[in-house]
Amino acid sequence: MNAAIQLKKVRKTYGKKRKAIQDLSLTIAEGDIYALLGPNGSGKSTTFRILTTLASADQGEIRYFGSSKINKQTIGCVAQNSGVDPTATGRENLMLQGRIYGLPKKALKERVNELLTVFHLEEAADRLSKHYSGGMKRKLDLAMGIIHRPKLLFLDEPTTGLDPESRAELWQMIKQLQSDAGMTVLLTTHYMEEADELADRIAFMNEGRIVAEGTPEEMKNKVGGDTITIQCREAQVAAQVLAAAYHVQQPETQDEFTLHVVTENGAEKLPNVIRLLEKQHIPVDSIKVSRPDLGDAYLLYTGKTLRKEETS
Ligand SMILES: Nc1ncnc2c1ncn2[C@@H]1O[C@H](COP(=O)(O)OP(=O)(O)OP(=O)(O)O)[C@@H](O)[C@H]1O
Ligand SMILES: [Mg+2]
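Residues numbered from 1 in each chain as written. Chains lettered and ligands numbered in written order. Predicted model: local features only at pLDDT ≥ 70, side-chain atom pairs only at ≥ 80, totals over all residues. Heavy atoms only, no water.

What follows is about the pattern of salt bridges. Applying the stated criterion across every chain yields a total of 15 salt bridges. Measuring nitrogen to oxygen at the nearest pair gives 2.9 Å for the salt bridge that ties aspartate 141 to arginine 138. Residue aspartate 141 and its partner arginine 138 are both found in helix α4 (residues 134-145); the two are separated by 3 residues, about one turn of the helix. According to the relative accessible area criterion, arginine 138 is buried, its value standing at 8%. When the shortest N-O distance is used, the salt bridge between aspartate 196 and lysine 220 registers 3.0 Å. (Salt bridge = Lys/Arg side-chain N within 4 Å of Asp/Glu carboxyl O. Helix = DSSP H or I, 4+ residues; strand = E, 2+ residues; numbered from the N terminus. Buried < 20%, exposed > 50% of the residue type's maximum accessible area, 1.4 Å probe, protein only.)

Spelled out as structure tokens, the structure:
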């Protein structure tokens, strides 16, 4: 594996004792989409600021593509707060950004047209961006972040506050940057479904530390099994029957009629569960299996739930 980024025991303290990140070690493979997941204040943006050289670490080692130096032309960054100038049009924002990177005029014009097409912003290109929707603004942010074709892209909460449709559209675009341009993408998010959908690997952060790291699948598997939710007339009795039959922990009854059983291979067990209960004269009204999600995994590692969706 070629590492795009390697962090070894990186630390950052603000003021005398606000430890923003502590002994952070992590490796991001070239070509991967990697997600940092964690609640407010867990150190995600600080990690980004250090990696994009906007802040310096107090201690530790950082390598980019094997080197301790980074050419700023090889990185692109979309900050947590939009960098779009509201008093300029979409096209003007892109042109300005390109000039900052020193792209020659003709090539820049072509690149801007290309990006406006890719991000479905052609029609809005010559309107002031203050009239853009949240999703359009974020797409423009993303286009500005990649105008110079970086190899390494940092996205700090790319879809916070967007509606599900705009979010899905941005996910599609981020995936395309990975598959078509071979970009390595590091993103932060509060949305577990975003990490699940996009990331090859994820790290859970809590209070400046990484508390777990792996593929989304590995993280979910650590939760240990699926949850079977059953609705029936006598949940309490059903719980006893199933506990004995499957040697599982006493299933949890939510109320008189609902119980949850945590078990491996939940889907395979369904027909048998129904048969077993019917034999005991407990007809099943409804039954469903749910796989654990990243939120369950996060809870397991940190005892905290991820921040609920918020609009901004
Ligand atoms: N410039 C700063 N000066 C002082 N403290 C800071 C500064 N930036 C961040 N911190 C502190 O460092 C810690 C980590 O903050 P950071 O912004 O990295 O968190 P985050 O995970 O990005 O949070 P959020 O989800 O809210 O964006 C917090 O306790 C925060 O208050
Ligand atoms: Mg942040």
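For the rest of this paragraph, the subject is the layout of surface pockets. Where empty space is left can be seen by rolling a probe of water-molecule size over the atoms. The calculated volume of the largest pocket comes to roughly 320 Å³. In terms of lining, the largest pocket is formed by 17 residues, of which the most central are Cys77, Val78, Ala79, Gln97 and Tyr101. When residues of the lining of the largest pocket are traced back to their parent elements, those giving at least two are β5 (75-78) and α4. With 4 residues, β5 is the largest single contributor of residues to the lining of the largest pocket. The residue makeup of the lining of the largest pocket, split by class, is 7 nonpolar, 8 polar and 2 charged. (1 Å grid on protein atoms, 1.4 Å probe; cavity = no way out; pocket = protein on both sides within 12 Å on 5 of 7 lines; lining within 4 Å. Points joined across faces, edges and corners; volume = space filled by probe spheres on them. Nonpolar A, V, L, I, M, F, W, Y, C, P; charged D, E, K, R; others polar.)

On to unusual backbone geometry, then. Backbone geometry follows two general trends: most residues other than glycine have a negative phi, and most peptide bonds adopt the trans configuration. In this model, lysine 9 sits at a positive phi of 45°, which is unusual for a non-glycine residue. Structurally, the position occupied by lysine 9 is in strand β1 (residues 3-14). Assessed through its relative accessible area of 56%, lysine 9 is described here as exposed.

On to the coordination of the magnesium ion (ligand 2). Donor atoms from the polypeptide that coordinate the magnesium ion (ligand 2) comprise Ser45 (OG) and Gln80 (OE1), at 2.0 to 2.3 Å from the metal. One end of the pair, serine 45, is in helix α1 (residues 44-51); the other, glutamine 80, is in the loop between β5 and α2 (90-100), and 35 residues separate them in sequence. Serine 45 gets classed as buried once you look at its relative accessible area, which sits at 15%. Classification of glutamine 80 as partly exposed rests on a relative accessible area of 37%. (Donors = N, O, S within 2.8 Å, 3.2 Å for Na, K, Ca; no water.)

The local shell around ligand 1 holds 15 residues, among which Asn40, Gly41, Lys44, Ser45 and Thr46 are the closest. Separating an oxygen atom of ligand 1 from a backbone N or O atom of serine 42 is a distance of 3.2 Å. Within the complex, the protein chains bury 67% of what would otherwise be the 640 Å² of accessible surface of ligand 1. Counting only elements with at least two residues in the shell around ligand 1, the list comes to β2 (18-29) and α1. Broken down by element, the shell around ligand 1 gets its largest block of residues, 4 residues, from α1. Residue classes in the shell around ligand 1 are distributed as 3 nonpolar, 8 polar and 4 charged. (Near = heavy atom within 4 Å. Polar contact = N/O pair within 3.5 Å; in protein donor to acceptor, adjacent residues only side chain to side chain. Areas by Shrake-Rupley, 256 points an atom, 1.4 Å probe, with all protein chains shown as cover.)

This part covers the environment of leucine 270. Looking at the element boundaries, leucine 270 is found in helix α9 (residues 266-279). Once the C-alpha coordinates of leucine 270 and isoleucine 228 are considered, the two residues, 42 residues apart in sequence, prove to be 8.2 Å apart. Discounting chain neighbours no more than four positions away, the residues touching leucine 270 are Ile228, Ile287 and Val289. (Contact = heavy atoms within 4.5 Å.)

Next up on the list: the UniProt feature "domain: ABC transporter" (unreviewed entry) in the chain. When the UniProt feature table is mapped to this numbering, "domain: ABC transporter" (unreviewed entry) covers residues 5-232. Helix makes up 34% of residues 5-232 and strand 29%. Its end C-alpha atoms lie 52 Å apart. (UniProt positions renumbered as here; feature names shortened; annotations may be inferred.)

Two strands in a sheet stick together by hydrogen bonds in their backbones, pointing the same way (parallel) or opposite ways (antiparallel). Taking strand neighbours across the sheet as the criterion, the 4 strands line up as β11-β12-β10-β13 in an open arrangement whose pairing is antiparallel. Each having just a single partner strand, β11 (252-255) and β13 (284-290) make up the two edges of the open sheet. Ignoring which end each strand starts from, the neighbouring axes of this sheet average 20° apart. Of the strands in this sheet, β10 (226-232), β11 and β12 (258-263) are in contact with helix α8 (residues 235-246), which crosses β12 at around 20°. Sitting on the sheet, α9 is in contact with β10, β12 and β13, with an inclination near 160° to β13. (Pairing = 2+ DSSP bridges. Axes fitted to C-alpha atoms, helices over the stretch in contact; angles between N-to-C directions.)

In this structure, β11 lies alongside β12, joined through 3 bridges in antiparallel fashion. Bridge pairing in β12 places aspartate 255 opposite threonine 258. Joining the antiparallel neighbours β11 and β12 is a turn of 2 residues.

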